[in-house]
Protein chains: 4
Amino acid sequence: MGNIFGHLFRISTFGESHGGGVGVVIDGCPPQLEISAEEIQVELDRRRPGQSKITTPRKEADTCEILSGVFEGKTLGTPISILVRNKDTRPQDYDEMSEKYRPSHADATYDAKYGIRNWQGGGRSSARETIGRVAAGAIAKKILRQVTNVEVIAYVKRIKDLEGVVDPNTVTLEQVESNIVRCPDPECSDRMIELIEQIGRQGDSIGGVVECVARNVPKGLGEPVFDKLEADIAKGVMSLPASKGFEIGSGFGGTLLTGIEHNDEFYIDPNGEIRTLTNRSGGIQGGISNGENIILRVAFKPTATIRKEQKTVTREGEETLLAAKGRHDPCVLPRAVPMVEAMVALVLCDHLLRHHGQCKVL
Amino acid sequence: MGNIFGHLFRISTFGESHGGGVGVVIDGCPPQLEISAEEIQVELDRRRPGQSKITTPRKEADTCEILSGVFEGKTLGTPISILVRNKDTRPQDYDEMSEKYRPSHADATYDAKYGIRNWQGGGRSSARETIGRVAAGAIAKKILRQVTNVEVIAYVKRIKDLEGVVDPNTVTLEQVESNIVRCPDPECSDRMIELIEQIGRQGDSIGGVVECVARNVPKGLGEPVFDKLEADIAKGVMSLPASKGFEIGSGFGGTLLTGIEHNDEFYIDPNGEIRTLTNRSGGIQGGISNGENIILRVAFKPTATIRKEQKTVTREGEETLLAAKGRHDPCVLPRAVPMVEAMVALVLCDHLLRHHGQCKVL
Amino acid sequence: MGNIFGHLFRISTFGESHGGGVGVVIDGCPPQLEISAEEIQVELDRRRPGQSKITTPRKEADTCEILSGVFEGKTLGTPISILVRNKDTRPQDYDEMSEKYRPSHADATYDAKYGIRNWQGGGRSSARETIGRVAAGAIAKKILRQVTNVEVIAYVKRIKDLEGVVDPNTVTLEQVESNIVRCPDPECSDRMIELIEQIGRQGDSIGGVVECVARNVPKGLGEPVFDKLEADIAKGVMSLPASKGFEIGSGFGGTLLTGIEHNDEFYIDPNGEIRTLTNRSGGIQGGISNGENIILRVAFKPTATIRKEQKTVTREGEETLLAAKGRHDPCVLPRAVPMVEAMVALVLCDHLLRHHGQCKVL
Amino acid sequence: MGNIFGHLFRISTFGESHGGGVGVVIDGCPPQLEISAEEIQVELDRRRPGQSKITTPRKEADTCEILSGVFEGKTLGTPISILVRNKDTRPQDYDEMSEKYRPSHADATYDAKYGIRNWQGGGRSSARETIGRVAAGAIAKKILRQVTNVEVIAYVKRIKDLEGVVDPNTVTLEQVESNIVRCPDPECSDRMIELIEQIGRQGDSIGGVVECVARNVPKGLGEPVFDKLEADIAKGVMSLPASKGFEIGSGFGGTLLTGIEHNDEFYIDPNGEIRTLTNRSGGIQGGISNGENIILRVAFKPTATIRKEQKTVTREGEETLLAAKGRHDPCVLPRAVPMVEAMVALVLCDHLLRHHGQCKVL
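The rules behind these values
Residues numbered from 1 in each chain as written. Chains lettered and ligands numbered in written order. Predicted model: local features only at pLDDT ≥ 70, side-chain atom pairs only at ≥ 80, totals over all residues. Heavy atoms only, no water. Least-squares fit on C-alpha atoms with pLDDT ≥ 70 in both. Contact = heavy atoms within 4.5 Å. Helix = DSSP H or I, 4+ residues; strand = E, 2+ residues; numbered from the N terminus. UniProt positions renumbered as here; feature names shortened; annotations may be inferred. Buried < 20%, exposed > 50% of the residue type's maximum accessible area, 1.4 Å probe, protein only. Pairing = 2+ DSSP bridges. Axes fitted to C-alpha atoms, helices over the stretch in contact; angles between N-to-C directions. Left-handed = near helix turned anticlockwise from the far one by under 90°. Nonpolar A, V, L, I, M, F, W, Y, C, P; charged D, E, K, R; others polar. Expected span 1.5 Å × (residues − 1). Buried area = accessible area lost by both parts, 1.4 Å probe. Salt bridge = Lys/Arg side-chain N within 4 Å of Asp/Glu carboxyl O. Polar contact = N/O pair within 3.5 Å; in protein donor to acceptor, adjacent residues only side chain to side chain.

**Student:** What am I meant to see in the relation of the copies chain D and chain C here?
**Tutor:** The two chain copies are connected by a rotation around an axis plus a translation along it. The transformation that overlays chain D on chain C combines an axial shift of 0.0 Å with a rotation of 180 degrees, and the residual RMSD is 0.0 Å. Overall, the copies show the geometry of a two-fold rotation axis. Both copies present the same face, since 99% of the interface residues in chain D are matched by interface residues at the equivalent positions in chain C.

**Student:** Before we go on, may I ask you to explain unusual backbone geometry in this structure?
**Tutor:** A negative phi holds for most residues other than glycine; trans holds for most peptide bonds. All names here are of chain B. For the bond from Pro224 to Val225, the omega torsion is 5 degrees, close enough to zero to count as cis. Here Val225 shows up in the loop between strand 10 (208-215) and helix 6 (229-238). The backbone phi angle of Glu72 is positive, close to 50 degrees, even though this residue is not glycine. Relative to the helices and strands, Glu72 is located in the loop between strand 5 (70-71) and strand 6 (74-75). With a phi angle near 60 degrees, Ser104 is a residue other than glycine that sits in the positive phi range. Inspection of the secondary structure assignment puts Ser104 in the loop between strand 7 (80-85) and helix 2 (107-114).

**Student:** Which parts of the structure should I look at to understand the UniProt feature "binding site: NADP(+)" (unreviewed entry) in chain A?
**Tutor:** All names here are of chain A. Annotation from UniProt places "binding site: NADP(+)" (unreviewed entry) at Arg47 and Lys53. In this fold, Arg47 is placed in helix 1 (residues 37-47). Judged by its relative accessible area of 1%, Arg47 is buried. With near-sequence residues (within four places) excluded, Arg47 lies in contact with Asp62, Ala127, Arg128, Thr130, Ile131, Val134, Arg335, Pro338 and Met339.

**Student:** Explain the sheet that holds strand 7 (residues 80-85) of chain A to me, please; I cannot follow it from the model alone.
**Tutor:** By way of backbone hydrogen bonds, the strands of a sheet pair with one another, either parallel or antiparallel. All names here are of chain A. Read across the sheet, five strands follow the order 1-2-3-7-4 without closing on themselves; strand pairing throughout is antiparallel. If you trace the sheet from one side to the other, it starts and ends with strand 1 (4-5) and strand 4 (64-68), each paired once. Summarising the sheet, strand 4 and strand 7 pair through four bridges and their orientation is antiparallel. Within strand 7, the position partnered with Ser68 by the bridge is Ser81.

**Student:** Looking at this structure, how should I read the packing of helix 6 of chain B against helix 8 (residues 333-359) of chain B?
**Tutor:** A pair of packed helices is captured by two measures, namely the crossing angle of their axes and the spacing between those axes. Residues and elements named next belong to chain B. It is the contact of helix 6 with helix 8, at a shortest axis distance of 9 Å, that shows an interaxial angle of 145 degrees. In this structure, helix 6 crosses over helix 8, and the sense of that crossing is right-handed. Residues Leu229, Asp232, Ile233, Gly236 and Val237 of helix 6 form the contact with helix 8, whose own contacting residues are Val340, Met343, Val344, Val347, Leu348, His351 and Arg354. Grouping the constituent residues of the contact of helix 6 with helix 8 by class yields eight nonpolar, two polar and two charged.

**Student:** Honestly, the sheet that holds strand 16 (residues 294-300) of chain A in this entry has me stumped. Any pointers?
**Tutor:** Strand order in the open sheet made by the ten strands is 9(A)-8(A)-10(A)-16(A)-11(A)-11(B)-16(B)-10(B)-8(B)-9(B), with antiparallel pairing throughout. Looking along the sheet, the strands with just one partner apiece sit at the ends: strand 9 (162-163) of chain A together with strand 9 (162-163) of chain B. The pairing of strand 10 (residues 208-215) of chain A with strand 16 of chain A spans seven bridges and is classified as antiparallel. For Val209 of chain A, the partnering residue across the bridge sits in strand 16 of chain A and is Ala299 of chain A.

**Student:** Quick question: what am I supposed to make of helix 5 (residues 186-201) of chain D here?
**Tutor:** Counting along an α-helix, one turn takes 3.6 residues, and residues three or four places apart therefore face a common direction. With 16 residues, helix 5 of chain D extends 23 Å from end C-alpha to end C-alpha; this agrees with the ideal 22 Å at 1.5 Å per step. One or two positions beyond helix 5 of chain D, positive phi appears at Gly203 of chain D, with a value near 75 degrees.

**Student:** Could you clarify how one ought to interpret the interface of chain D and chain C in this entry?
**Tutor:** Interface size, as often reported, equals the accessible area lost upon joining of the parts. Each partner contributes to the interface: chain D provides 106 residues, whereas chain C provides 105 residues. Here chain D and chain C share an interface that buries about 8,200 Å² over both sides, 62% of which is from carbon and sulfur atoms. Of all residues in chain D, the largest losses of buried area upon contact with chain C belong to Met1, Lys113 and Phe226 of chain D, amounting jointly to 11% of the total for that side. There are six salt bridges connecting chain D and chain C. The closest approach of N and O atoms between Asp227 of chain C and Lys235 of chain D, which form a salt bridge, is 2.7 Å. On the surface where chain D and chain C come into contact, there are 51 residue pairs in polar contact (both at pLDDT 80 or more). Broken down by class, the residue content of the side of chain D that touches chain C amounts to 43 nonpolar, 35 polar and 28 charged. Of the pairings in the sheet, the one linking strand 11 (residues 243-248) of chain C to strand 11 (residues 243-248) of chain D comprises three bridges and is antiparallel in character.

Pasting the structure below:
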C-alpha cells in the first residue's frame, strides 16, 4: 500500500532498483495536453545517476517509454503509463547486503514489516523509485505552465554548512543548471563541489537543504483543513528518500519573531490586486495559496550508504561489521532538486484540478 | 473538500468557530473498544480555551456528546459521531473583520477561493476546528495503548528563544501537565509563562516549537513509498493551524553531520531484538517504524490575531488599518500540545490498522 | 469503515436507529449555493416513516438541523453537517431481538463481523441510516438543477406483480407524489395500495421495482474504466437496504435482443446535436453520459421484518422461533423512492465535479 | 480518473487497445505470496481473443511480464506491475471509425468528454483493458484460496434465450472449461455454440447472463453502509464492458415473493455453525457475508460492433451509414466469464484485507 499519491491527478509508482524496471501510471491527467517522451526525458536526465562526477557512478540511460494515454502527441485523458527499464544492475555488489542490514537504510524495517525484501540495490526503497515521480512531475509542470504560467524551481540552498545566497523571487532554471551541484550561487557552488568530492574520496557522505519556489501560482489552491496546500507539499517531500525536515515560508526561524514582526501586512498593488508587503507565510495562508511565491525548504540527511566500516547486524541476529562495496553517492542533493520540483508540481497540479472541480462548477 | 483524514481509521471534521457546533465523524474504529464521553472530555479540556491565564479568554466548556457508534460503553465498529456545541460566541467582536482582512490569517484566501466566508471568529480556519481532531485522537490513543502500550506525549520544547531541556525517552504526561505552559522543564517553564504574559500585555504574540515522542510503537508501521510514516505525520501536523515547519529525528540539524556521524548503527539487545545505538532516524527508517522512539518537532508561528495596529485591506480593495478587538491568544503552543498528540496518534492508529490489513492476512 | 461515499462531493453518514441521532457530513459542496433546512426537510418528509397508512407507523418528525457549512443562507465550501435526533424510539420492542436474530436481517452478520451490535431497532442497518443520504441528496439535486437543469425523478414501477405504465421521458414529480404509493399510474397505484394494505394486515411484506430517470444530464459525465457512471450508480443503489438487483437501459431484457436490434443508431437533431434514435443504452455509453435520459431500475426484496413466526437462532446458538413485535413496514418501496433519487443525484453531482476537475482546466 | 479500484488491495489499470500495451499495477498485495507469471497467464488465456471459433479472431498471445513486486517467486508487499504488449494491431481496420461513431459504442461519448480519443480498435474502452483486471484477479484468487479456500467460479448461465441448468453449489472449474462457451450444462452448451456461430455468420451479435458463485467465503466480509459487499461487487461487474444489469441472490425474481416466502430462516448445523435453510440472500445480509455461497448474475448486452449496416454520424455532424469492417466478436460471454470472476475476487480480497485491518487489531 501507500504507492498512490494525489486525489484527482493521481500517480501510482512501481518498481524496484533491480528487476524489470520502474515507472508510473498517471490517472486523471487532463486531455489534449501536448506531451512527448523527449520532454519527460529532460527531467529524468536531471535525476539520473552518473550525470556528473559528484553523483553515484551507476550508469543508467533511464530512457523512458510511454506505454499508454498519449495518442498522436496528445494526452487522451486516460492513464499515462511510463516505463524505464533497469539496465546497469549489479546484484553481485549487494550479496553481502542480503544478510547484513545497512545502518540507517530501510533493509531492517522492510524485513520487519514484510518478512521479505529485494536486497538487490535497495529494492523499493532505492532512490530509483523516484523516476516515476519525476516523470509524472514533468507532466504536472507542463499543465501548471499552461494554466497560469506557474514555474516550479528548486535548487541546492545548503550543503552541510555551506549556504548559498539565492533570491527565490528571481532565480532561473538556467542559473540552477549552470553547475553540477545545482546551487545558483556561483561562488558557493564551487566550494560545495569541492566539499562533495573530498567527502566522497573519504567514503563518507553529506546532506543539506533544497529550497523550492513556485511562482505565478493562482490564488485559491489548497483545501482546508487536512489537505492544506503546505500539508500536502510536506507529505510529498517528506516521502522522498533521506528527507528529515520541511519548512514553509519563515519556517523554524519564524518562531523567533513576535506576531507584529511576523505578520504579512496587506496592500493593493497597481493592478488592484491584494498583495502582502512581506512573504513570511511562504505564499500560503490558512492552507490556501494567496498568489505570492510559494517558498519551502527540505532537509536531506547524509546518504546512508557509505564505504566506511560500521557496526551492524545480520538477518539472523548476529552482530557484525559492514562497509558498503556498492556504488556510493556522496551527496544526493543535486539529484534531489528535480525530485523536490516534481513533488511540489504534483501537489499543485492536483490542487488545481480539485479547485476547479469544487469551486468552478456553479 | 479536504476535511477527511486517514485511510482505514478515517475522520471527517466539521464546523465553524461560530454556528451550531463543531465535531467529528470517525469511520473505521475497531469494535468493542471501551470508550466514554468522559475520557474524550479529558483531552478536550487540555485543548479548550480559557483553561489558564496564558491562553485565549474565550469561555467554552467544550462539552462533547457522542451521537453514535457507541453502545453500552463500547464501540460498535460503526461511525462514531461526536458533537460539541458552540456557546460563548461573540459575533459582534468580529464585525470589523467582515470587511477587513486580518494579516496572515485565512480571511483573504478563503474569500479568494470560495467567494464567501463565515467571518465570525475565523470560521472554519479557527483553532476551534481542532476539537474534532482532539476528540478522535483520544480514541486513537486508547487503541494504541491497548495494542502495544503505545504512548504519545507532546510538550512545549521552545517558546520564542526559550528552550527547555527535556528527555523524550523518559518524559511523562504528569510532568507535561505540571505547569500551564506544558513544558516539562520546571525552570524554563516559569520563564516561558512570564514571557507569554508580558507579550500578551503588549497585545502581541509569540510562537515556538512543540516536540512529540511516541514510545513502544511496534516495528513495521508505515507504507513505502508515499505514505511513509513520517510523511503522513508531516501532513498531519502541518495541517494544524499556525504550523510552519516539521522535522523528524535529527531534522535540519542532521544536515550538518556526515554519513558516518549520522548513521544509526545496529546492535542486538539482551532480548535478542535488533536495536540502534543512536536514534537520529527518529524511530523511522525507509518510512517504516523500527521500534525506537519516534521523535518529531513542529514549529508554530506567532498567532496572527494581535491587538497591535497593522496595515491591511478591505474586501472592496481599499487599504486600511486594523487592530483586532476580539479575544487574543498570545501564544497557541500550550493548547497545540494536545493537537500534535492527536495528529500523531491518528496517523499511528491508521497505520496500525493498515499494517494488519495488508501484512497479517496470509 | 465504508461510511464515506463519493470522491469530490463526499458524504459521511453516521448514526444508529436508536441512540443520539443520525446525520451526514458533506465534504466538497461547492460554495455559494443557496440552501435552507426547509428545502432539505421536504426530501426528508418524503422518506420519513408514518407519512401514510401504508408505511411503518414509527412516529418521527425527522426534523433536521444544519450544524455547519452554511452561512447567511449560502454554502461556505466547508463541510455541511446535518443532524436529525432520534425521538420515537422503543427499545423495549426489541428486547427479544437482543437474543434472537431476525431472518434475512443484518443481526447475525453484524455480530459475526463486529462481535457486538446495537440491537435496538436495527442499529446501523436500519433504513433510518438513509436520512443522511436523503439530506445530502437534496443538496446534490439542487446543484444539478442549477448547472443544467438536471431532474432526477424516481417512482414505484412495480409492486410484486403489479406493474405500472409510466413514460420516464415525461413523468413529473407531481404525478409521482399524487398518491401514497408513488406510482404515477393512477389505475395501478390504487391496486398497489390495496395489495400493500392486505399484505400488511397479514403481517407479511412485499417488494418490487423502483425506476429512476435523470433528464438533462450533460454529456461527458462518468469516468472510464472503474468509475463508469452506471457502475457508481449501481454501487449507490445496491448499498440501499433491501436492494437485490440493478439494471440500466435495456438491462436484463436487453440480453434477448441481437446487436442490430439493440444498438442505438445515431442521428443529428434539429439543433445539430448528436442524438440516438432509441435509448437502450439508458443514457450511458462506455461509462459516460451521452445526453439521453438516464434510466435505471432497482429491485427491492420484501421487507425482512414481518409479524409471522419464523425459525431462527439465538446468539448462543439455540434454535428458536420469532415473530417480530416491533413496528412493521409491509412495503418499503414508497419510501425507497426518495432514497434512489438521492443516490443517483449524489453520483451525478460527484461526477459533475470530477468532470470539471479533470476536463475543464486546460 | 476512475482507473483505480479497491481500497487496501488497489489496482490501477492502464493501456489502450492499440499502443504500447496494457497492464496493471497492484498496490497492497500481502507479502510472501508465491506467484508466477505462468499462474497469471492461465487466467489471461481464458480471457484472450482467438481462443476458439466462437470468439473474436484477433490473434494475441497476451503474454504477461511481471515488472516489479515479485522476488524469487514471492510477492514483496510492494507494487506488482504486470505488462502485456499489444501485438496484432490493425489500425487500418479502424480508419473509417476515426470519423464515424460506432452505434452503442464509446466513440461518441469519449469525444464528448475528452475532445480526443484513440480511435484505433476502441482505445481505452476496448475489452482489452480487462487484461489488467484479469491478471490482478489471478492474484486475488490465490490469496482467497490460501486464507479459507475461497473458490470463485463463473460460467455462462444464459445466451439470448438459451438458459443452462447449473447448480452453483457444486459446479466445478473443470465443468465450466469443458466447452468453449463455458456453460457447464453439456446439452445446452452445444445449442449455445450453434446459435453463436449462426449469429456470427449473419454479422450480428448476441448477449446473455453470466452467473458467479463464491464458496467458502468467511463470515464478516463487507462494510456497512456504502461499501456493502454486494454494492462493491455490483460496481465491479457493472464496470465491465457491455454489462447492463446485476442481481444478487433472489434478485429481480425475489420481488415476486412475500416476506415469509423470501426470508432465509436460520438453523444450527452439526458443527454448531449458524446457517440459513435457504439462500435467497445470496450469501450477503446487511452488506456482510454470512458464510453461505455468494451467488450473483450479470447481464451482458449483445456486442455493439457488428458487420450489419447501421445509421450513424460523423465527428463533423453528418449523418451516414456504417458496417464495421474490423474483427467481430459475435458473443462476448465466454470471455466475460474470467472477467466476472476477476472482479468478484478483487472485491472479496479487498474486503478480506479491510476486515482484518479494522476488526482483527484489538
